[in-house]
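Each chain, written out:
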Amino acid sequence: SCGGKTLMAVVIGIKPLEWMQGRAFAGKYVAKAPQYLFGFRGRMDERYDMVRSATDGRYVYLRQYMPHKICGQHVSYMFQTPTTQKWKELYDAGKLNAGQRRFWEKKSPQELYDLQTDPDEVQNLADSPEHREVLQRLRKAQQQWVREIRDVGFLPEDEIHSRSVGTTPYEMGHDAKKYPMDKIVAAAELASMLEPDAVPKLVKALGDSDSAVRYWGAMGILMREKAGVKAARDTLVKAMKEDSSGSVRAIAAQALEQYGTDADAAQALDVLVELASVEKNSVFVAMLAAIALDEMGERARPAKERIVALPRKPKSAPPRTGEYIGRLLQKLAANMQ
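Quantities reported herein were computed from a predicted structural model and do not represent experimental measurements.

Chemist: I tried to follow the packing of helix α12 (residues 246-259) against helix α14 (residues 283-296) on my own but got confused; where do I start?
Modeler: A pair of packed helices is captured by two measures, namely the crossing angle of their axes and the spacing between those axes. Between α12 and α14, the shortest axis-to-axis distance is 9 Å and the interhelical angle comes to 5°. Between α12 and α14, the interaxial angle falls into the category roughly parallel. Residues Gly246, Ser247, Ala250, Ile251, Gln254, Glu257 and Gln258 of α12 pack against Val285, Leu288, Ala289, Ala292, Glu295 and Met296 of α14. Taken together, the residues of the contact of α12 with α14 sort by class into seven nonpolar, four polar and two charged.

Chemist: What should I look at first to understand the side chain of Arg41 in this one?
Modeler: Tracing the sequence through the fold places Arg41 in strand β1 (residues 37-41). A polar contact is formed between the side chain of Arg41 and the side chain of Asp49, at a distance of 3.2 Å.

Chemist: So what exactly am I meant to see when it comes to the sheet that holds strand β3 (residues 59-64) here?
Modeler: Backbone hydrogen bonds hold the strands of a sheet together, and the pairing may be parallel or antiparallel. In spatial order, the strands read β1-β2-β3-β4; together these four strands make up an open sheet with antiparallel pairing. Of all strands in the sheet, those with a lone pairing partner are β1 and β4 (110-114), marking the two edges. Ignoring which end each strand starts from, the neighbouring axes of this sheet average 15° apart. In the sheet, strand β2 (residues 51-55) pairs with β3 via five bridges, with the strands oriented antiparallel. Bridge pairing in β3 places Thr55 opposite Val60. Each of β1, β2, β3 and β4 is contacted by helix α5 (residues 132-148), which is oriented at about 60° to β3, the strand it contacts most.

Chemist: I tried to follow helix α11 (residues 225-242) on my own but got confused; where do I start?
Modeler: Along an α-helix, residues three or four positions apart point the same way, because every turn accommodates 3.6 residues. Here α11 spans only 22 Å end to end across 18 residues, well under the 26 Å set by a 1.5 Å rise per residue. Taken as a whole, α11 carries its principal kink of about 80° at Arg233. Looking at α11, one finds that the buried residues are Gly228, Val229, Ala232, Leu236, Val237, Ala239 and Met240. Lining the buried residues of α11 we find α9 (199-205), α10 (211-223), α12 and α13 (262-275).

Chemist: Help me understand the environment of Trp104, please; the structure alone is not making it clear to me.
Modeler: Within the secondary structure, Trp104 sits in the loop between α4 (98-101) and β4. The exposure class assigned to Trp104 is buried, which follows from its relative accessible area of 4%. Here the alpha-carbon distance between Trp104 and Thr81, two residues 23 residues apart in the chain, equals 16 Å. Leave out the neighbours within four places in its chain, and Trp104 touches Ile70, Gly72, Phe79, Thr84, Trp87, Lys88, Tyr91 and Leu96.

Chemist: Is there a simple way to explain unusual backbone geometry in this structure?
Modeler: Unusually for a residue other than glycine, Glu121 sits at a positive phi of about 55°. Note on placement: Glu121 falls in the loop between β4 and α5. Taking the relative accessible area as the measure of exposure, Glu121 reaches 3% and is therefore buried. A positive phi angle, close to 55°, is found at Arg150, a residue other than glycine.

About the thresholds
- Residues numbered from 1 in each chain as written.
- Predicted model: local features only at pLDDT ≥ 70, side-chain atom pairs only at ≥ 80, totals over all residues.
- Heavy atoms only, no water.
- Axes fitted to C-alpha atoms, helices over the stretch in contact; angles between N-to-C directions.
- Helix = DSSP H or I, 4+ residues; strand = E, 2+ residues; numbered from the N terminus.
- Parallel < 35°, antiparallel > 145°, perpendicular 65-115°, else oblique.
- Contact = heavy atoms within 4.5 Å.
- Nonpolar A, V, L, I, M, F, W, Y, C, P; charged D, E, K, R; others polar.
- Polar contact = N/O pair within 3.5 Å; in protein donor to acceptor, adjacent residues only side chain to side chain.
- Pairing = 2+ DSSP bridges.
- Expected span 1.5 Å × (residues − 1).
- Bend = angle between axes of the 7 residues up to and from the residue.
- Buried < 20%, exposed > 50% of the residue type's maximum accessible area, 1.4 Å probe, protein only.

Pasting the structure below:
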């Protein structure tokens, strides 16, 4: 899965249950087992996701803040492996069972697994009445941890850097003026729990003074697909054209191009091609726009020549990120052949 076991075990090389039971390490000075372990998933090379998890050793809770994104997004590095290619091929051919398909399908906002009876994390217990207390306890622990560490992952990546100019992301995250965390996290919770009656509040969030709140407002409308875009269309168009944040503009445009009318998609296409240029925008905004263009499918074809002509290497970018926009644009160009 792209969930609990992967989030934690891949980092520390052990199973959560072994850690919690004190079996992870041998030796004289074994530390006292913590009450909970916490896991994180963010950008993977050129693709974005956002997951937070908590485990007590027996159960693992996953909070999917981007449930509209599949676990198996096209990451170039991952798709170099024959197993990944075959797995996707079998999915496209309809030859997988329900458990095997989940990697390629949208997620639930919350997931809960019993690591003792279900170590492969297949049976989601989040809606199980018998496990309500466990879910609420682990959810509370996860939320408290987010606030305790001042998790800056609730900002679009471009703003992690732009708000940190002259300091560090850590220091910025502990400055309530630069990072009004409570209202940003509240907007992310509202957006990603997928409650259908949240659209009016998400539209209101698009008018907030903080760009990260507006980002989650646009993201929440995108997650609600056609119903959300239909209800918020005028607000989205204004955000796409006028917002001061490139990240907000990119997500508003993505919502309109995926779930709006053909006319909306045509407007969004022009905006996304503009935002995908690393000569005019940060590499992180350009990546958001390129991802949206990739998901646009055939609706992006009218801009084929402009997309192919986009620069694939930024003049300056943080270490290791410079090549990612090139990978996205290369895939886009290949899809249009």
